[in-house]
Amino acid sequence: MQERKRLLICGGGHASLPAIKMGKHWQKHGLEVLLVSAHPYLYYSGAVPQYLGGFFDEDEARIDLKKLCHDYGTSFICASVKEVDGEAQTVVISTGKQLHWDYLFINTGVRSRNSDYDHAHYFPVKPMQRLVQLFGKLESAATAGLKILILGGGAAGCEIALNLSVSNHKNIRSVTLFEADDRILSSFPERLSAVVRRALAENRVSISCKRKIAGDEISQLMSDYDIVIDASGNMPETERIKHGLTTDESGRIRVHQTLQSADYPNIFAAGDCALVGESGYMPVGVHAVKQGALFRDVMDAILRGSALPAYKPWPATPLILSQGQSRGFFVSGKLVFSGRWCIILKYMLDMNWLEKYTLPRSERRSWFRLIYDGFTRTKKAKPPQS
Ligand SMILES: Cc1cc2nc3c(=O)[nH]c(=O)nc-3n(C[C@H](O)[C@H](O)[C@H](O)COP(=O)(O)OP(=O)(O)OC[C@H]3O[C@@H](n4cnc5c(N)ncnc54)[C@H](O)[C@@H]3O)c2cc1C
């Protein structure tokens, strides 16, 4: 009889979802799939800024990992991985239990650099489980007249500012954005910075550039503002795991184009906690999603005994920033567009992707239906405040 093997997925991130869905299929090939993830839900970062603005329900912005595993024959343990031993092929999880694996896929994402800072009104953007608690604060009647500060004018900070600026939260008095560089969205073309800056200014968000905040200054800011949202920088979650694998200088696990680690061919990593090849791509969800599909194909090839496929990154990273339901900002390489059609496109792409992991095939919407729903939702959008 064929010996049963185990694929252990460490972290239920965007990149792990295609493999989770292979549970039943791979069982037929003698491979058990086990997910160990720190939280029962994965928040979809593409939809969280709109959720914070009140434009999506919470269930439209998250994936129930436990249910997904159950539906697709993958086992699930809700715990954090603390140690990885590549020689013994084991992990130790937060309950103290040791688990054996034959293949290990690491997909833990990142966390905000200052996420250890503990304050009821401080919200690092990662982990997202903490960021989404902000919604309750914004809705609570006990917190009227809120002065909000967002640290970091990159894509995450700007998208949150864009959504809060047009939200219906009555408690928000002001939104301020601090950016360390001399312009917001400094990794993107100047045209994107200009249109987003204008959209923020139209909605009374004040932007202060060349404001670099050190970790120890956050407590001072907490006394000047009611809420601080920290989008100023992340570190790989794997920095908190004892693993001994080769990393780059920021702590991302180095993997080959086949997603195999530089140290062990049966350890794989993908998403924000990994660096695939030598390419200097931006660590965002679109790459994690592409790498997730590749990992599924790599495992399939291993089970079939065929050649492993290799990763080909997107030539340019496509992103759409949302501003509520009224407007989107599309950027890919030097191309920049904005307008209502961008937010309709974002809605269609996001929902099509999410429904693959939240709904049975028979209940998923067709592209035609998504276009229709995208138009209907954006029609209801309120014009920006003047
Ligand atoms: C506000 C915001 C908006 C964004 N919008 C976009 C966008 O529109 N488009 C885009 O491309 N990118 C976007 N991003 C970036 C995107 O969130 C990340 O690139 C993406 O989440 C990376 O996915 P991942 O697969 O690496 O892991 P993640 O999706 O980050 O998931 C990691 C998982 O691992 C779990 N975990 C962590 N540590 C452990 C551990 N020790 N043990 C077990 N489990 C663990 C976590 O609970 C989580 O479920 C945005 C980011 C932010 C902050």
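Computed from a prediction, not measured in an experiment: that's the story for all the values here.

Structural notes on the sheet that holds strand S18 (residues 267-269)
The strand order across the open sheet built from five strands is S5-S2-S1-S9-S18, with neighbouring strands paired in parallel fashion. The open sheet has two edge strands with one neighbour each: strand S5 (75-78) and S18. Recorded for the sheet is a direction-independent mean angle of 20 degrees between the axes of neighbouring strands. Alignment of strand S1 (residues 5-10) against strand S9 (residues 103-106), held across four bridges, turns out to be parallel. Across the sheet, the residue bridging to Leu 7 is Tyr 103, located in S9. Across the sheet, helix H10 (residues 285-304) touches S1, strand S2 (31-37), S9 and S18, and the angle it forms with S18 is around 160 degrees.

Section: unusual backbone geometry
Following Lys 126, the chain continues to Pro 127 via a peptide bond in cis, the omega torsion being 0 degrees. By the element assignment, Pro 127 lies in the loop between strand S11 (122-124) and helix H5 (128-131). Positive phi values are uncommon outside glycine, yet Gln 89 reaches one of about 55 degrees. Take Gln 89: it is sitting in the loop between strand S6 (81-85) and strand S7 (90-93). In the Ramachandran plot, Leu 259 falls in the positive-phi region, its phi being about 75 degrees despite a non-glycine side chain. With respect to the helices, strands and loops of the structure, Leu 259 is situated in the loop between strand S17 (253-255) and S18.

Points about the site of the ligand
As a structural note, the neighbourhood of the ligand is formed by 35 residues, with His 14, Ser 45, Asn 107, Asp 272 and Gly 285 the closest of them. Between the ligand and Ala 15, the relevant distance is 3.0 Å, taken from an oxygen atom to a main-chain nitrogen or oxygen of the residue. Within the side chain of Ser 45, a nitrogen or oxygen atom sits 2.6 Å from an oxygen atom of the ligand. Going through the elements one at a time, S2, helix H7 (155-165) and H10 are the ones with two or more residues in the shell around the ligand. Of the residues contributing to the shell around the ligand, the split by class is 16 nonpolar, 14 polar and five charged. Taken together, domain 1 (5-111 + 235-304) and domain 2 (114-232) each give at least three residues to the shell around the ligand, which thus spans both.

Topic: the side chain of Arg 111
Here Arg 111 is to be found in strand S10 (residues 110-112). There is a polar contact of 3.0 Å between the side chain of Arg 111 and the side chain of Ser 115. Every residue in contact with Arg 111, bar those within four places of it in the chain, is listed here: Lys 126, Pro 127, Gly 233, Asn 234, Met 235, Glu 237 and Arg 240.

Re H10
Between its terminal C-alpha atoms H10 stretches 29 Å, which fits the 28 Å expected from 20 residues at 1.5 Å a residue. Phi turns positive, to about 75 degrees, at Gly 305, one or two residues after H10.

Quick notes on the nonpolar core
Core analysis: the largest hydrophobic core is formed by 103 residues, its most contacted members being Leu 7, Leu 131, Val 196 and Ile 229. At seven residues, the largest contribution of residues to this core is made by helix H11 (residues 340-358). Not counting residues up to four positions away in its chain, the partners in contact with Ile 229 are Phe 123, Val 125, Leu 131, Leu 134, Ile 148, Leu 149, Ile 150, Leu 151, Ile 160 and Leu 164. Listed in part, the nine residues of the second largest apolar core include Leu 149, Leu 151, Phe 178 and Tyr 225.

Examining the packing of H7 against helix H8 (residues 190-202)
At their nearest, the axes of H7 and H8 sit 9 Å apart, and the two run at 35 degrees to each other. Crossing hand, H7 versus H8: left-handed. For the pair H7 and H8, the contacting residues are Cys 158, Ala 161 and Leu 162 in the first and Val 196, Ala 199 and Leu 200 in the second. Considering only residue class, the contact of H7 with H8 consists of six nonpolar, no polar and no charged.

Cut-offs and rules
Residues numbered from 1 in each chain as written. Predicted model: local features only at pLDDT ≥ 70, side-chain atom pairs only at ≥ 80, totals over all residues. Heavy atoms only, no water. Pairing = 2+ DSSP bridges. Helix = DSSP H or I, 4+ residues; strand = E, 2+ residues; numbered from the N terminus. Axes fitted to C-alpha atoms, helices over the stretch in contact; angles between N-to-C directions. Contact = heavy atoms within 4.5 Å. Near = heavy atom within 4 Å. Polar contact = N/O pair within 3.5 Å; in protein donor to acceptor, adjacent residues only side chain to side chain. Nonpolar A, V, L, I, M, F, W, Y, C, P; charged D, E, K, R; others polar. Domains from an automatic or database assignment. Expected span 1.5 Å × (residues − 1). Core = buried A, V, L, I, M, F, W, Y, C linked by side-chain atoms within 4.5 Å. Buried < 20%, exposed > 50% of the residue type's maximum accessible area, 1.4 Å probe, protein only. Left-handed = near helix turned anticlockwise from the far one by under 90°.

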